[in-house]
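Spelled out from the first residue to the last, the chains are:
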Amino acid sequence: MKQKIVIAGGTGFIGKYLQHRFEKMNYDVKIISRNRPSIQWAGEREVIEALADAEMLINLAGKSVDCRYNKKNKKEIYDSRIDTTKRLGGAIMKCKNPSALWINSSTATIYRHAEDRPMTEANGEIGSGFSVGIATAWEKSFFDFNLKDTRQVALRMAIVLGKHGGVILPLKNLVRFGLGGKSGKGNQMFSWIHLEDVFRIIKFVQEHKNIIGVLNTAAPNPETNISFMTKFRKYMNVPFGLSTPKWLLEIGAVFIKTETELILKSRWVIPERLLQAGFIFKYNTIDEALYEILKM
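Keep in mind that what you see is a predicted model, and the values were worked out from it rather than measured. (Residues numbered from 1 in each chain as written. Predicted model: local features only at pLDDT ≥ 70, side-chain atom pairs only at ≥ 80, totals over all residues. Heavy atoms only, no water.)

Participant: Could you give me a rundown of the overall build of the protein chain, with the residues and numbers involved?
Facilitator: From N to C terminus, the protein chain includes 11 helices and 12 strands. A compact globule built from 296 residues should have a C-alpha radius of gyration of about 19 Å, and the protein chain, at 19 Å, falls within 12% of that. Summarising its shape, the C-alpha atoms of the protein chain cover approximately 60 × 40 × 40 Å along the three principal directions. Out of the 296 residues belonging to the protein chain, those deemed buried represent 53%. In the protein chain, of all internal contacts separated by at least 6 residues, the share reaching a separation of at least 24 is 79%. In the form shown here, the protein chain has an accessible surface area of approximately 14,500 Å², with 54% of it arising from carbon and sulfur atoms. Each charge sign in the protein chain was given a centre, from 44 positive and 29 negative side chains, and these centres are 4 Å apart. (Helix = DSSP H or I, 4+ residues; strand = E, 2+ residues; numbered from the N terminus. Rg over C-alpha atoms; globule rule 2.2 N^0.38 Å. Buried < 20%, exposed > 50% of the residue type's maximum accessible area, 1.4 Å probe, protein only. Contact = heavy atoms within 4.5 Å. Areas by Shrake-Rupley, 256 points an atom, 1.4 Å probe, with all protein chains shown as cover. Lys, Arg positive; Asp, Glu negative; His and termini not counted. Charge placed at Lys NZ, Arg CZ, Asp CG, Glu CD.)

Participant: I'd like a description of the sheet that holds strand β1 (residues 4-8), backed by residues and values.
Facilitator: Two orientations exist for strands paired in a sheet by backbone hydrogen bonds: parallel and antiparallel. In space, the 7 strands of this open sheet follow the order β3-β2-β1-β4-β5-β6-β11, with parallel pairing throughout. Since the sheet does not close on itself, it has two edges, and those belong to β3 (39-40) and β11 (213-217), each with one partner. Direction of pairing for β1 relative to strand β4 (residues 56-59): parallel, over a ladder of 4 bridges. When the sheet's bridge partners are listed, Ile5 is paired in β4 with Met56. Where helix α6 (residues 195-207) meets the sheet, it contacts β4, β5 (101-107), β6 (151-157) and β11, and its direction lies at approximately 155 degrees from that of β6. (Pairing = 2+ DSSP bridges. Axes fitted to C-alpha atoms, helices over the stretch in contact; angles between N-to-C directions.)

Participant: Describe the nonpolar core, and please don't skip the residues or the numbers.
Facilitator: Within the largest apolar cluster, 30 residues are counted, with the highest numbers of intra-cluster contacts made by Leu18, Phe22, Ile58 and Ile202. Mapped by element, the contributors of at least two residues to this core are β1, α1 (13-24), β2 (28-33), β4, β5, β6 and α6. Residues in contact with Phe22, not counting those within four places in the same chain, are Ile5, Tyr27, Val29, Met56, Ile58, Phe199, Ile202 and Lys203. Membership of the second largest hydrophobic core comes to 22 residues, among which are Ala54, Leu57, Ala61 and Phe142. (Core = buried A, V, L, I, M, F, W, Y, C linked by side-chain atoms within 4.5 Å.)

Participant: Go over helix α5 (residues 168-176) with me, naming the residues and quoting the values.
Facilitator: In an α-helix there are 3.6 residues to a turn, and that puts residues three or four apart on one side. Ile168, Leu171 and Val175 are the residues of α5 that are buried. Viewed end-on, α5 has its buried residues packed into an arc of 65 degrees, placing them on one side of the element. Just downstream of α5 lies Gly178, where phi reads positive at about 80 degrees. (Arc of directions from axis to C-beta.)

Participant: Give me the lowdown on the packing of helix α3 (residues 71-94) against helix α4 (residues 130-143), citing residues and values where you can.
Facilitator: Between two packed helices, the angle of one axis relative to the other and the distance separating the axes together describe the packing. Taken N-terminus to C-terminus, the directions of α3 and α4 make an angle of 15 degrees; their axes are 8 Å apart at the nearest point. Between α3 and α4, the interaxial angle falls into the category roughly parallel. At the point where α3 passes α4, the crossing takes the right-handed sense. On α4, the residues touching Lys74, Ile77, Tyr78, Arg81, Ile82, Thr85 and Lys86 of α3 are Phe130, Ile134, Ala137, Trp138, Ser141 and Phe142. The residue inventory of the contact of α3 with α4, partitioned by class, reads 8 nonpolar, 2 polar and 3 charged. (Parallel < 35°, antiparallel > 145°, perpendicular 65-115°, else oblique. Left-handed = near helix turned anticlockwise from the far one by under 90°. Nonpolar A, V, L, I, M, F, W, Y, C, P; charged D, E, K, R; others polar.)

Participant: Which residues make up the packing of aromatic side chains, and what values do they have?
Facilitator: Tallied over the entire structure, the rule returns 11 aromatic pairs. With a centroid separation of 4.9 Å and 55 degrees between ring planes, the pair formed by Tyr69 and Phe130 is classed as tilted. Of this pair, Tyr69 sits in the loop between β4 and α3 while Phe130 sits in helix α4, and the two are 61 residues apart along the sequence. Note on Phe130: relative accessible area 24%, which makes it partly exposed. Centre to centre, the rings of Tyr235 and Tyr291 are 6.4 Å apart; their planes meet at 75 degrees, and the pair counts as edge-to-face. Here Tyr291 lies in helix α11 (residues 286-295) and Tyr235 lies in helix α7 (residues 225-235), a separation of 56 residues in the sequence. A relative accessible area of 14% places Tyr235 in the buried class. Classification of Tyr291 by relative accessible area gives partly exposed; the value is 43%. Site record: aromatic cluster; members linked through ring pairs are Trp102, Phe142, Phe143 and Phe145. The cationic tip of Arg81 hangs over the ring face of Trp138; the distance from NZ or CZ to the ring centre is 5.0 Å. (Phe/Tyr/Trp six-rings, centres within 6.5 Å; stacked < 30°, edge-to-face > 60°. Lys NZ or Arg CZ within 6 Å of the ring centre and 35° of its normal.)

Printed below as a string of structure tokens:
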């Protein structure tokens, strides 16, 4: 009988990749989402049955933050994270033999705008504002569950880079049209993680049963915005890119229905706990990641 893994919110960029990788390892992967033929959120009995005897639950559910922060979107961003986390915790509590490990997505945006020093799990400072409020409420809803038979780990994910989704596609378009210069001052830090290393970290957590709590899920070598964009252009063979000042980004964000925080916030996050536990990144540097994504 195949070992079972459940991925909630598994129809997006990250979820599809994880499903593919785990199925290659001969896991039986169950998907919970709003989209059929996945297991539906409204079907509590089906969710409980899926979680029973599972090796692991990975929760990625949540509306994209790549939108305007109006009242409607703010509510959907909040509900799609907190409500689904509470539903999963409630379902685990009703299982006779629940999943041994529950990995819940979180975000590196939980830390403050940092240009002075890196943020680790031990000494990172929680920021303020809407996005940070969502992140802290999300983690609280997760860790409020006291589950004696299920280990809980929250992944504070940096920007995830991969070939077929996420930020790579819009960045490629910007660079192609000559707009791949620095954003704002360009000194804001860009913490990132390759999609394959997200999968490898999940496997590492599964195998290392002493790991609990929060984990910074970011490569150990973040870049400044200007350095990242310079290297991005290099791997696309585009010699120049126009810079975009903050005021122009704010105007453009309105037209493309997003927020400048996604570009201008300095995320300087170091995976201290993973490094201390002995995890070895496949993609340590942005050059390694961009070469695989853009050149291979």
